[in-house]
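Each chain, letter by letter, is given below.
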Amino acid sequence: MSKIDNSTYKAIKKDNKAARKRLSSDAGCYGHIHSRIISRLILSIVLLLMIVADVVISLLVFHTRKTWFIILACILSIPFARNIIDLFMCFKCKPLDKEEYEKVHQIEEESGRKLLYDISITDEDGLIFVPALILYNNNIIAYTPDVKEVKGREKIKRYINMVNESEEGKGYRIVVTDNLNTFRKEINKIKEADNEAVSKDHEMSERLLSLGF
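Each value, and the rule that gives it
Residues numbered from 1 in each chain as written. Predicted model: local features only at pLDDT ≥ 70, side-chain atom pairs only at ≥ 80, totals over all residues. Heavy atoms only, no water. Helix = DSSP H or I, 4+ residues; strand = E, 2+ residues; numbered from the N terminus. Buried < 20%, exposed > 50% of the residue type's maximum accessible area, 1.4 Å probe, protein only. Contact = heavy atoms within 4.5 Å. Areas by Shrake-Rupley, 256 points an atom, 1.4 Å probe, with all protein chains shown as cover. Pairing = 2+ DSSP bridges. Phe/Tyr/Trp six-rings, centres within 6.5 Å; stacked < 30°, edge-to-face > 60°. Salt bridge = Lys/Arg side-chain N within 4 Å of Asp/Glu carboxyl O.

### Some remarks on the overall build of the protein
Then step 1. Along its length, the protein carries seven helices and four strands.
Then step 2. A total of 213 residues make up the protein; the buried ones form 43% of that total.
Then step 3. Contacts in the protein between residues at least 24 apart in sequence constitute 70% of all its contacts with a sequence separation of at least 6.
Then step 4. Carbon and sulfur atoms make up 58% of the accessible area of the protein, which totals about 12700 Å².

Structure representation (structure tokens):
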């Protein structure tokens, strides 16, 4: 497979850096996708009700479609459509089930290193989803239990590699695995980070989170 050409996408991300910070306080936490589905579903329903109400008021009260209520309904249809698209994107993501999460969380407690969960990365070519990963001391180890094919994991690796796009010198080492034992071993191999590395990890985590929703 050819390398992802994301030059346009990278330019958009750079221009909207302030707006592309964490979209919610639970970004990177387990349950983020579920929370986003609920919030987007509620917002979509509210917007739909408002659109229907505007149309009904215009037709029943004023007996015409040539009113400000119809204009407002047209304006509201834009965020409604965006929320529906976002909702469908969230449905494509498959987070860890509770049992699998407990196993991964145990690794987090054993290593004493914080993991990120429910990571999505969007690009003009599509969407990839990583249920869990650790970003620590120049390493990104991703756990994708449902991606058994090598090509699928390589695609995820290329998407994650976007965090290295502006790095000078040595970028982050990226490993993607569908095996929990391999995930544990790779985490245990990582050396302790100094203060400079911790600061860099924080910056890279924010960059990684900004690539998705």
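Structure shown, so let's carry the discussion forward.
### Comments concerning the pairing of strand β2 (residues 126-136)
Then step 1. A large share of β2 lies buried, amounting to 10 of its 11 residues.
Then step 2. Relative to β2, strand β1 (residues 116-123) runs antiparallel, the two sharing seven bridges. Along β2, the bridge assignment pairs Y117 with A132.
Then step 3. Hairpin connection between β1 and β2: a loop of two residues separates the two successive antiparallel strands.
Then step 4. Relative to strand β3 (residues 139-143), β2 runs antiparallel, the two sharing five bridges. What sits directly across from A132, in β3, is Y143.

### Concerning the packing of aromatic side chains
In this description, an aromatic ring pair is defined by two values, namely the gap between the centres and the angle between the planes.
Then step 1. Applying the stated criterion to the full structure yields five aromatic pairs.
Then step 2. Considering the side-chain rings of Y143 and F183, the 5.3 Å spacing of their centres and the 25° angle between planes classify their relative orientation as stacked. Of this pair, Y143 sits in strand β3 while F183 sits in helix α6 (residues 180-189), and the two are 40 residues apart along the sequence. Here the two residues Y143 and F183 agree in accessibility, since each one is buried.

### Notes on the pattern of salt bridges
Any two side chains of opposite charge can pair, given that their charged atoms come close.
Then step 1. Inspection of every chain in the model, using the stated rule, returns 10 salt bridges.
Then step 2. The shortest N-O distance in the salt bridge between R40 and D86 comes to 3.0 Å. Of the two residues, R40 sits in helix α2 (residues 32-61) while D86 sits in helix α3 (residues 68-91), which places them 46 residues apart along the sequence.
Then step 3. Among the residues examined, R40 registers a relative accessible area of 22% and is labelled partly exposed.
Then step 4. One salt bridge in this structure joins R184 and E110, with 3.8 Å as the shortest N-O distance. Placement of the pair is R184 in helix α6 and E110 in helix α4 (residues 98-111), with a sequence separation of 74 residues.

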